[in-house]
Amino acid sequence: MHRLVYFSVPGRAEASRIALSLSGIEWEDVEVNGEEFSKMKKEGTLPWGMLPILQTSKGTIAESSAILRYAGKIAGLIPDDSFQAAKADEFIDGMGPIARAMDTTFGIQDDNERIRLRKQLFEPDGAATKALKLYDKKIKDSKSGWAADTDEMSIADLKLFTELFAFFSGNYDGIEKSMLMDYKNLLNYHHKVANEERIKNHYRGITSEDIRWTFLPNAFE
Ligand SMILES: N[C@@H](CCC(=O)N[C@@H](CS)C(=O)NCC(=O)O)C(=O)O
């Protein structure tokens, strides 16, 4: 039995949730709140003091990318070709600091200050603008259309698709869906992944009211 433990948002666990679902293994999606997180932290349940974690019969795996690689391997989402597998890993590791820069505003309590900093992220030289431009170019340059230019969809696509588009769900004040509209390659990429049979099937029960609406085929059309 595998237990994926995270907060009740897509965030850094969603790619692994998809991979676990596609893997066919038995797993439980355990959503915790801040209080439960603090308790787990105090009890020493979290190897690096953070979520997500994946509890397995052999022990706990922490770090979202490690969990994604583990679940992605079972799900057949890691290319057999070593070069392509490394390019998928490169994409995942490359996204780390970018994702971190984009979520620096999450912990800021003051509404005005949070929104002000978020707007800064999306200014021409802001971290979010730089990230979107970089991702857009990578998709444009990909011959296969998949994030890491792999022949088939890989774990890199699960990470890019879930972490990037979730930002525009409307749940993060100051960040609007309209901010994505100039990034044509990213919009095409969204269409490609959201309509991929396994992804479409994974989100078939989701409605436009759900926090996961950004993963639906017509979300940005
Ligand atoms: N590098 C870690 C980062 C995990 C991370 O930032 N987790 C956040 C939630 S998204 C967390 O547990 N924050 C609580 C805290 O830092 O106290 C990973 O990718 O798993």
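Here, every reference points to the structure presented above.
Just so we're clear, the structure is a prediction, and the values are computed from it rather than from any experiment.

Colleague: Can you help me understand the overall build of the protein chain in this one?
Modeller: Per the secondary structure count, the protein chain includes nine helices and four strands. Each helix and strand of the protein chain, ordered N terminal to C terminal, gives the series β-α-β-α-β-β-α-α-α-α-α-α-α. Relative to the globule expectation of 17 Å for 221 residues, the C-alpha radius of gyration of the protein chain, 17 Å, shows essentially globular dimensions. In the protein chain, buried positions account for 34% of the 221 residues. Considering only intrachain contacts with a sequence separation of at least 6, the fraction spanning at least 24 residues in the protein chain is 63%.

Colleague: Hey, could you run me through the site of the ligand in this one?
Modeller: Neighbouring the ligand are the residues Gly 11, Arg 12, Met 50, Leu 51, Pro 52, Glu 63 and Ser 64. Residue composition of the shell around the ligand, grouped by class: three nonpolar, two polar and two charged.

Colleague: For this particular structure, what's the right way to read the sheet that holds strand β1 (residues 2-6)?
Modeller: Backbone-to-backbone hydrogen bonds pair the strands of a sheet. The strands run either parallel or antiparallel. Strands sit in the order β2-β1-β3-β4 across an open sheet of four strands; the sheet is mixed. With partners counted over all chains shown, the strands left at the sheet margins are β2 (27-31) and β4 (59-62), one partner each. On average, adjacent strands in this sheet sit at an angle of 20 degrees to one another, irrespective of strand direction. When strand β3 (residues 53-56) meets β4, the two strands line up antiparallel, connected through four bridges. Among the inter-strand pairings, Thr 56 is bridged to a residue of β4, identified as Gly 59.

Colleague: How should I be thinking about the packing of helix α4 (residues 82-102) against helix α7 (residues 155-165) in this particular structure?
Modeller: Angle between the axes and distance between the axes: these two values describe a pair of packed helices. The N-to-C vectors of α4 and α7 enclose an angle of 25 degrees; their axes lie 8 Å apart at closest approach. Of the possible angle classes, the one that applies to α4 and α7 is roughly parallel. In the packing of α4 onto α7, the handedness of the crossing is left-handed. Here Ala 88, Phe 91, Ile 92, Met 95 and Ala 99 of α4 come into contact with α7, specifically with Ile 155, Ala 156, Lys 159, Leu 160 and Glu 163. Of the residues belonging to the contact of α4 with α7, the class tally is eight nonpolar, no polar and two charged.

Colleague: It is not clear to me how unusual backbone geometry should be interpreted in this structure. Could you clarify?
Modeller: If a residue is not glycine, its phi is most likely negative; likewise, a peptide bond is most likely trans. In this structure, Pro 52 follows Leu 51 across a cis peptide bond, with omega equal to 10 degrees. Residue position: Pro 52 is located in the loop between α2 (34-43) and β3. The phi dihedral of Asp 149 falls on the positive side, at around 55 degrees, and the residue is not glycine. Relative to the elements of secondary structure, Asp 149 occurs in the loop between α6 (127-141) and α7.

Colleague: I'm lost on the pairing of β2 in this one. Help?
Modeller: A regular strand places its side chains so that they alternate between the two faces of the sheet. As paired elements, β1 and β2 share five bridges and run parallel to each other. In the strand pairing of β2, His 2 is matched with Trp 27. The β-α-β motif built from β1, the intervening helix α1 (residues 14-23) and the parallel element β2 has right-handed crossover chirality.

Colleague: Explain the environment of Lys 192 here, please?
Modeller: Looking at the element boundaries, Lys 192 is found in helix α8 (residues 184-194). By the C-beta count within 10 Å, which is 17 here, Lys 192 ends up partly exposed.

Colleague: Quick question: what am I supposed to make of α8 here?
Modeller: Two residues of an α-helix separated by three or four positions point the same way, owing to the 3.6 residues in each turn. The set of residues buried in α8 consists of Leu 186, Tyr 189, His 190, Val 193 and Ala 194. The buried residues of α8 all sit within an arc of 120 degrees when viewed along its axis, so they share a single face. Buried positions along α8 lie against α6, α7 and α9 (197-202).

Colleague: How should the nonpolar core be read in this particular structure?
Modeller: Across soluble globular proteins, nonpolar side chains have a tendency to be buried as a group. Grouped together as the largest cluster of nonpolar side chains are 54 residues, with contacts concentrated most on Ala 19, Leu 68, Ile 155, Ala 156 and Leu 158. Counting only elements with at least two residues in this core, the list comes to β1, α1, β3, α3 (64-75), α4, α6, α7 and α8. At seven residues, the largest contribution of residues to this core is made by α7. Taken domain by domain, the makeup of this core includes at least three residues from each of domain 1 (2-75) and domain 2 (82-215). Dropping the residues within four chain positions of it, Ile 155 is found in contact with Ala 15, Ala 19, Leu 68, Arg 69, Gly 72, Leu 77, Ile 78, Ala 88 and Ile 92.

Conventions used here
- Residues numbered from 1 in each chain as written.
- Predicted model: local features only at pLDDT ≥ 70, side-chain atom pairs only at ≥ 80, totals over all residues.
- Helix = DSSP H or I, 4+ residues; strand = E, 2+ residues; numbered from the N terminus.
- Rg over C-alpha atoms; globule rule 2.2 N^0.38 Å.
- Buried ≥ 20, exposed ≤ 12 C-beta atoms within 10 Å, placed from the backbone.
- Contact = placed C-beta atoms within 7 Å.
- Near = placed C-beta within 6 Å.
- Nonpolar A, V, L, I, M, F, W, Y, C, P; charged D, E, K, R; others polar.
- Pairing = 2+ DSSP bridges.
- Axes fitted to C-alpha atoms, helices over the stretch in contact; angles between N-to-C directions.
- Parallel < 35°, antiparallel > 145°, perpendicular 65-115°, else oblique.
- Left-handed = near helix turned anticlockwise from the far one by under 90°.
- Right-handed = clockwise from strand over helix to strand, strands pointing away.
- Arc of directions from axis to C-beta.
- Core = buried A, V, L, I, M, F, W, Y, C linked by C-beta atoms within 7 Å.
- Domains from an automatic or database assignment.

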